[in-house]
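These are the residues of each chain, in order.
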Amino acid sequence: MPRDTPDATAETATPTGESRLALVRRARKMYRQLVELYPDAHCELNFTTPLELLVATILSAQCTDKRVNQVTPALFARCPDAEAYASARREELEEVIRSTGFFRAKTNSLIGLGQALCDRHGGEVPGNLSDLVKLPGVGRKTANVLLGNAFDVPGITVDTHFGRLVRRFGWTDEEDPVRVEHAVGELFPPRDWTMLSHRVIWHGRRVCHSRKPACGACGLARLCPSFGEGPTDTVTATKLLRMRSFS
């Protein structure tokens, strides 16, 4: 994993052409600004146990957190533990999660997840990356969501928002999610990784949109090398803001 403190003197190439030291300093200034902008940032999937978060994260693929949160109360009542998923009737499970999209594949993942947890881990969700990514429906992104929010293990969650923003920020030019994770992890100490992920994702959902970022209303504007990709006048940009809860 990346070191706790990056070698700021290393003269490696950076996406913006700035020195490695300048990149680290700018990235950390941007994060401090994100802390001020989103002091209450958190995982927007509703859960009370590691299993619930794992299931909700699997359902969130190609689906909004808001929709997942509408579905999970009934699902969690129907399946309170791994054994319940392992023994669930496929037709019933599909009907409960149908509105999240790709419900047949997700049903396969949930039933397989329940069986794997029962067979390999005594019905409990493991708290380490190597075991998590071996579970059905669980990739590195899902595992990092779980580790950071259910087990307090630092991790960087590279979803579409996070990848888009860190490239716009000039923190990395990598496209592969694992490479993005490691590149950004080298800019920050591990203690910041989980909340960094939340705050970057919140900014992506609310301000730095994929097609038209609200540059003129962005608190990171003076530090962002991509300023100008969206409207820069305050009035126009403010109309693009989506400052609401996505949970």
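Details of the structure are given in the entry above.
Just so it is clear, the model here is predicted, and its values are computed rather than measured. (Residues numbered from 1 in each chain as written. Predicted model: local features only at pLDDT ≥ 70, side-chain atom pairs only at ≥ 80, totals over all residues. Heavy atoms only, no water.)

### Brief notes about empty space enclosed by the protein
Our working definition: In this analysis a 1.4 Å probe is tested at points of a 1 Å grid over the protein atoms alone, and where it fits but cannot get out there is a cavity; an open set with protein on both sides within 12 Å along at least five of seven lines is a pocket; lining residues have an atom within 4 Å of a point. Grid points are joined across faces, edges and corners, and a volume is the space filled by probe spheres set on the points.
Taken as a whole and assessed by the stated rule, the structure comprises one cavity of 30 Å³ or more. Cys-208, Pro-213, Cys-215, Cys-218 and Cys-224 are the residues nearest the centre of the largest cavity, which is lined by 15 residues in total.

### Some points on the nonpolar core
We count it as follows: As used here, the term nonpolar core means buried Ala, Val, Leu, Ile, Met, Phe, Trp, Tyr and Cys residues forming a set that is joined through side-chain atoms within 4.5 Å. Think of it in three bands: residues with accessible area under 20% of the maximum for their type are buried, residues over 50% are exposed, and the middle band is partly exposed, with areas taken using a 1.4 Å probe on protein chains only. Put simply, DSSP marks the helices as runs of H or I at least four residues long and the strands as runs of E at least two long, and each gets a number from the N terminus on. Contact criterion: two residues are considered in contact whenever any of their non-hydrogen atoms come within 4.5 Å of each other.
Counting residues in hydrophobic clusters, the biggest one holds 35 residues, and the most contacted among them are Val-55, Leu-75, Leu-110 and Leu-113. Those elements that place two or more of their residues in this core are helix H2 (50-59), helix H3 (65-78), helix H4 (82-86), helix H5 (90-97), helix H6 (103-121) and helix H8 (140-150). Here this core gets seven residues from one element, more than from any other, and that element is H2. Every residue in contact with Val-55, bar those within four places of it in the chain, is listed here: Leu-75, Phe-76, Tyr-85, Leu-110 and Leu-113. Counting residues in each nonpolar core, the second largest holds 32 residues, with Met-30, Trp-193, Val-207 and Cys-218 among its members.

### Things to note about the packing of aromatic side chains
Selection criterion: Ring pairs shown here join Phe, Tyr and Trp side chains whose ring centres sit within 6.5 Å, with only the six-membered ring taken for Trp; geometry is labelled stacked below 30 degrees between planes, edge-to-face above 60, and tilted in between. Should the NZ of a Lys or the CZ of an Arg lie within 6 Å of a ring centre and within 35 degrees of the ring normal, that charge is described as sitting over the ring.
Counted according to the given criterion, the structure contains four aromatic pairs. For the ring pair Trp-171 and Phe-188, a centre distance of 5.2 Å and an interplane angle of 55° mean the geometry is tilted. You can see Trp-171 sitting in the loop between helix H9 (160-168) and helix H10 (177-185) and its partner Phe-188 sitting in the loop between H10 and helix H11 (193-206), a full 17 residues away along the chain. Classification of Phe-188 by relative accessible area gives buried; the value is 0%. Across from the ring centre of Phe-103, 4.3 Å away, lies the NZ or CZ of Arg-98, which sits over that ring. Above the plane of the ring of Trp-202 lies Arg-206, whose end atom (NZ or CZ) is 3.9 Å from the centre.

### A few points about the packing of H5 against H6
Stated formally: For helices, the axis comes from a line fit to the C-alpha atoms of the stretch in contact; other axes are also lines fit to C-alpha atoms, and the angle between any two N-to-C directions lies between 0 and 180 degrees. For classification, angles of less than 35 degrees are called roughly parallel, those exceeding 145 degrees roughly antiparallel, those between 65 and 115 degrees roughly perpendicular, and all remaining angles oblique. By convention, the crossing between two helices is left-handed when the near helix turns anticlockwise from the far helix through less than a right angle, and right-handed when the turn is clockwise. Charged residues are taken to be Asp, Glu, Lys and Arg, nonpolar residues to be Ala, Val, Leu, Ile, Met, Phe, Trp, Tyr, Cys and Pro, and polar residues to be all remaining types, Gly included.
For the pair H5 and H6, the least separation of the axes is 9 Å and the interaxial angle reads 120°. Relative to H6, the element H5 lies oblique. Every pair of crossing elements has a handedness; the one defined by H5 and H6 is right-handed. Between H5 and H6, the contacting residues are Arg-90, Leu-93, Glu-94 and Ile-97 on the first element and Phe-103, Arg-104, Lys-106, Thr-107, Asn-108, Leu-110 and Ile-111 on the second. In terms of residue class, the contact of H5 with H6 is made up of five nonpolar, two polar and four charged.

### Notes on a positive patch on the surface
The condition that has to hold: To count toward a patch, a residue needs a relative accessible area above 30% and no salt bridge. Like charges then connect within 9 Å, nonpolar side chains (Val, Leu, Ile, Met, Phe, Trp, Tyr) within 5 Å. Method for areas: the Shrake-Rupley scheme with a 1.4 Å probe, in which residue coverage is limited to the protein chains shown. Salt bridges are identified by distance alone: a Lys or Arg side-chain nitrogen within 4 Å of an Asp or Glu carboxyl oxygen. Charge convention: Lys and Arg are scored as positive, Asp and Glu as negative, and His as well as the terminal groups of each chain are ignored. The atom standing in for a charge is NZ when the residue is Lys, CZ when it is Arg, CG when it is Asp and CD when it is Glu.
On the surface, a cluster of positive charge is contributed by Arg-25, Lys-29, Arg-32 and Arg-222. In this structure, Arg-25 sits in helix H1 (residues 20-37). Given a relative accessible area of 53%, Arg-25 falls into the exposed group.

### A word on the layout of surface pockets
In this structure, the largest pocket occupies an estimated 900 Å³ of space. The wall of the largest pocket is formed by 38 residues, among which Cys-63, Asp-65, Asp-159, His-161 and Arg-205 lie closest to the centre. Broken down by element, the lining of the largest pocket gets its largest block of residues, seven residues, from H11.

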